[in-house]
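Residues per chain are reported as follows:
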Amino acid sequence: MCGETQTADLSPEIVPGQDIGIRLQAFLGWLNNYGHLAYEKQQELLWELGQIEIGVGTLVARNEGYRWCTG
């Protein structure tokens, strides 16, 4: 109704506190850690594949988080 707060459950693809979905995080983790693709090249690839715009700082932070989670 008008004037009321509307809520919805988050998709299981959404990780609280992160703005990149888990599938994209996994893909980026592979590109960086196994594909040895530089952050700038990851940016370029994401734009070419789906016009996804992600900053280098976000890619670095995501990769550091991935390394922390995997030990």
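K.L.:
An account of helix α2 (residues 39–50) is requested, with residue identities and associated values reported.
P.N.:
Under the 1.5 Å per step criterion, the end-to-end length of α2 is 17 Å for 12 residues, consistent within 8% with the ideal 16 Å. Every buried residue of α2 is listed here: Tyr 39, Gln 42 and Leu 46. For α2, the buried positions fall inside an angular range of 50 degrees around the axis, keeping them on one side. Exposed and oriented more than 90 degrees from the buried face of α2 are Glu 40 and Glu 48. After α2 finishes, the residue Gln 51 shows a positive phi value of roughly 50 degrees.

K.L.:
Would you mind going over the nonpolar core in detail, with residue names and values included?
P.N.:
One finds Ile 20, Leu 28, Leu 31, Tyr 39, Leu 46, Ile 54 and Leu 59 forming the largest nonpolar core, which totals seven residues. Within the residue set of this core, elements represented by two or more residues are α1 (22–33) and α2. Sequence-distant contacts of Ile 54, that is, excluding residues within four places in its chain, are made with Ile 20, Leu 24, Gln 43, Leu 46 and Leu 59.

K.L.:
An account of the environment of Ile 52 is requested, with residue identities and associated values reported.
P.N.:
Mapped onto the fold, Ile 52 is located in the loop between α2 and α3 (56–70). Looking at Ile 52, the relative accessible area reads 33%, which means it is partly exposed.

K.L.:
Tell me what's going on with the environment of Ile 54, and back it up with residues and numbers.
P.N.:
Looking at the secondary structure, you find Ile 54 in the loop between α2 and α3. What makes Ile 54 buried here is its relative accessible area of 12%. Residues Ile 54 and Ile 20, spaced 34 residues apart in sequence, show a C-alpha to C-alpha distance of 9.2 Å.

Cut-offs used in this document
Residue numbers run consecutively from 1 along every chain, following the written order of its sequence. Totals for whole chains, interfaces and linings use all residues, but because this is a predicted model, local features are given only for residues with pLDDT of at least 70 and pairs of side-chain atoms are given and counted only at 80 or more. As a rule here, side-chain values cover all heavy atoms of the structure and leave hydrogens and water aside. Labels follow the DSSP assignment, with helices taken as runs of H or I lasting at least four residues and strands as runs of E lasting at least two, numbered in each case from the N terminus. What a helix is expected to span follows from its residue count: subtract one and scale by 1.5 Å. Only protein chains enter the calculation, and the probe is 1.4 Å; a residue is then buried if its accessible area is under 20% of its type maximum, exposed if over 50%, and partly exposed in between. Working note: the arc is built from the helix axis to C-beta atom directions. Put simply, a nonpolar core is a bunch of buried Ala, Val, Leu, Ile, Met, Phe, Trp, Tyr and Cys residues held in one set by side-chain atoms that sit within 4.5 Å of each other. The contact definition used throughout considers only heavy atoms, calling two residues in contact when any of these lie within 4.5 Å.

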